[in-house]
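Structure at a glance
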Amino acid sequence: MKEFSVKDLKKEYISFFVSKGHKEIKSASLIPENDSSVLFTTAGMQPLVPYLLGEIHPAGKRIVDSQKCIRTVDIDDVGDNSHLTFFEMLGNWSLGDYFKNESIEYSFEFLTKHLMIPTSKLAVTVFEGDEDAPRDEEVAKKWEELGIKKENIFYLPKKHNWWWAGEEGPCGPDTEIFYIFDKEKCSDNCSPACDCGKYMEIWNNVFMEYNKEKGGIKPLKQKNVDTGMGLERIVTVSQNKDSVYDTDVFYNTMKKINELSKVDIKESKRIIADHLRASTMIMNDGVKPSNVDQGYIVRRLLRRSLRHMRKLDIDFDKALEIEGAVILDLKNQLGDFDEKEVLSVLKEEVEKFRKTLAKGLKRINEEIEKGVKTLEGEVVFRLYDTFGFPPELTEEIAKENNLKVDMEGFKTLFKKHQEKSRQGAENKFKGGLKSTGEMETKYHTATHLLNAALKEVLGPHIHQKGSNITEERLRFDFSHPEKVSRENLDKVEALVNQKIEENLPVTFKVMSKEDAINSGAEAMFIDRYGDEVKVYFIGDFSKEICGGPHVNSTGELGHFKIKKEESSSSGVRRIKAVLEEK
Ligand code: SER
């Protein structure tokens, strides 16, 4: 095996595919452009969907890139050897050019002739076939021809060997390549589908010849190849390490964290490293910590890494020192970026969390002074509910003070609370016009239209900061740095009225919170929602998490008129608007 640094491995990959007639393209932003259905770019294929569907790509039919990606679904796995929130995905693409055979030959040549991985260390999985597509014997045969032993070729079902872009879009069977570690199989049935650590997925070659549509799976206009190889994972293999945290990807970061930690908890060290790195990359693409959308993810990542710093007994003041090391490693991997901005945002966020923490500690101390031996579930719940204090943190603090915590009690209250808010939302909805009043219901819907119209006219930075509805008017606070001009207010008003004229249907769907957020639904109080949320759709124009109730179609609203625009607080503007009879 040949050892490559992260930077050189990326170079080697790109130049290999350039030598095979591919054109290099630059990574797209982590924040999807022209696609508000997802929060982040999660795979190299995402920015390329139109070209997989048949549009001509300006760089041609063979493309190679290294795409920045964020995956938040794996957050609970972070801390193990290989899952990362931010990673780069190396990809080679055939847009209606070569297909299965060449794609497999290229992958094999790169792995065995450039990275010099012995063939015996590679295992592959192949689609086993079902009603949508046949068993992929062609692919298995190719692997065998190249020298992969039969016992290292595994047929697996769709769950493992089919790649979907989303609910709709290009998809197809894939063949995944795994590195085999020198450790015992966990059982006789152990296979790459198992996550015991024997096999690590390094490359996925997807044969995108289908499109998932509402009516089912249909053949695409062209046969494409989409491959994805996690840069940081293949670096781990090339540097012969067990974990990505032991490679040069995290060299300065881990060194710094190890230096500052007074307690040795491997998982916490890794979580700090991963979360700071991921939030730095998101902030580098222009996102600030907040309570909505991508900003919410940044806040969650930062707060989680601060919580783990506390576990390691690292003072919060040292967060910037660790961040300095993170930036050094990122510069090594990716080149330059503006660290000043990121550092100052981080500093502010640390201060905010420090305040939250202080408030929570005060509350816990009150309990200690009362002489209690166990923190009641009720207290843990209040801390969570009022200060956004993670229960794990309360548990940690209690432990430090030799207090027990009634976590069962907390869980019961938490469930009850979720149940209540769900029921509340449902009752409100069921009760509909009765419990909320006809005018208020109309203003609720008008507020969604206003939110979406502001976004369209002023830009994607617009987010709801507050809302208040009476029978007479709506009041809406939103993030925007300056006064909104009369001209733009007119445009917003006209757009809302246009959507009313279009008489768009107002519908809702119940989704898991994670799915709703990932689908890009507007959301204001993410912490406060239960696991399942209702997402309201107004035609294609607006998508928001909300309990309801709403009118059935926008035509019921009448005429929308903005009465006033003023400042609410720093960086937040306020609009008051009314609905008039037409
Ligand atoms: N789209 C596939 C993946 O993300 C291959 O790039 O794994």
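We now turn to the structure provided with this report. Quantities reported herein were computed from a predicted structural model and do not represent experimental measurements.

By secondary structure assignment, the location of serine 103 is in helix H3 (residues 100-114). Excluding anything up to four places from it in sequence, serine 103 contacts Tyr98, Asn205, Phe207 and Val225.

This part takes up empty space enclosed by the protein. For the structure shown, the criterion picks out one cavity of 30 Å³ or more. Of the pockets and cavities examined, the largest cavity occupies roughly 40 Å³. Every residue along the wall of the largest cavity is listed here: Leu276, Leu302, Ser305, Leu306, Ala319, Leu346, Glu349 and Val350. Those elements giving two or more residues to the lining of the largest cavity turn out to be helix H9 (293-311) and helix H11 (339-370). When its residues are assigned to classes, the lining of the largest cavity shows six nonpolar, one polar and one charged.

Further remarks concern the side chain of histidine 480. The topology assignment puts histidine 480 in the loop between strand S13 (474-479) and helix H17 (486-501). For histidine 480, a relative accessible area of 7% translates into the label buried. Polar side-chain contacts of histidine 480 include one of 2.8 Å to the side chain of histidine 461.

Right, let's talk about the state of the cysteines for a bit. Applying the stated rule across the entire model yields zero disulfides. Among the cysteines around cysteine 69, which has no disulfide bond, cysteine 171 carries the closest sulfur, lying 19 Å off. Here cysteine 194 stays unpaired: no disulfide links it, and the sulfur of cysteine 186, its closest cysteine neighbor, is 3.5 Å away.

Criteria and cut-off values
- Residues numbered from 1 in each chain as written.
- Predicted model: local features only at pLDDT ≥ 70, side-chain atom pairs only at ≥ 80, totals over all residues.
- Heavy atoms only, no water.
- Helix = DSSP H or I, 4+ residues; strand = E, 2+ residues; numbered from the N terminus.
- Contact = heavy atoms within 4.5 Å.
- 1 Å grid on protein atoms, 1.4 Å probe; cavity = no way out; pocket = protein on both sides within 12 Å on 5 of 7 lines; lining within 4 Å.
- Points joined across faces, edges and corners; volume = space filled by probe spheres on them.
- Nonpolar A, V, L, I, M, F, W, Y, C, P; charged D, E, K, R; others polar.
- Buried < 20%, exposed > 50% of the residue type's maximum accessible area, 1.4 Å probe, protein only.
- Polar contact = N/O pair within 3.5 Å; in protein donor to acceptor, adjacent residues only side chain to side chain.
- Disulfide = S-S within 2.5 Å.

Geometry only, nothing functional implied.
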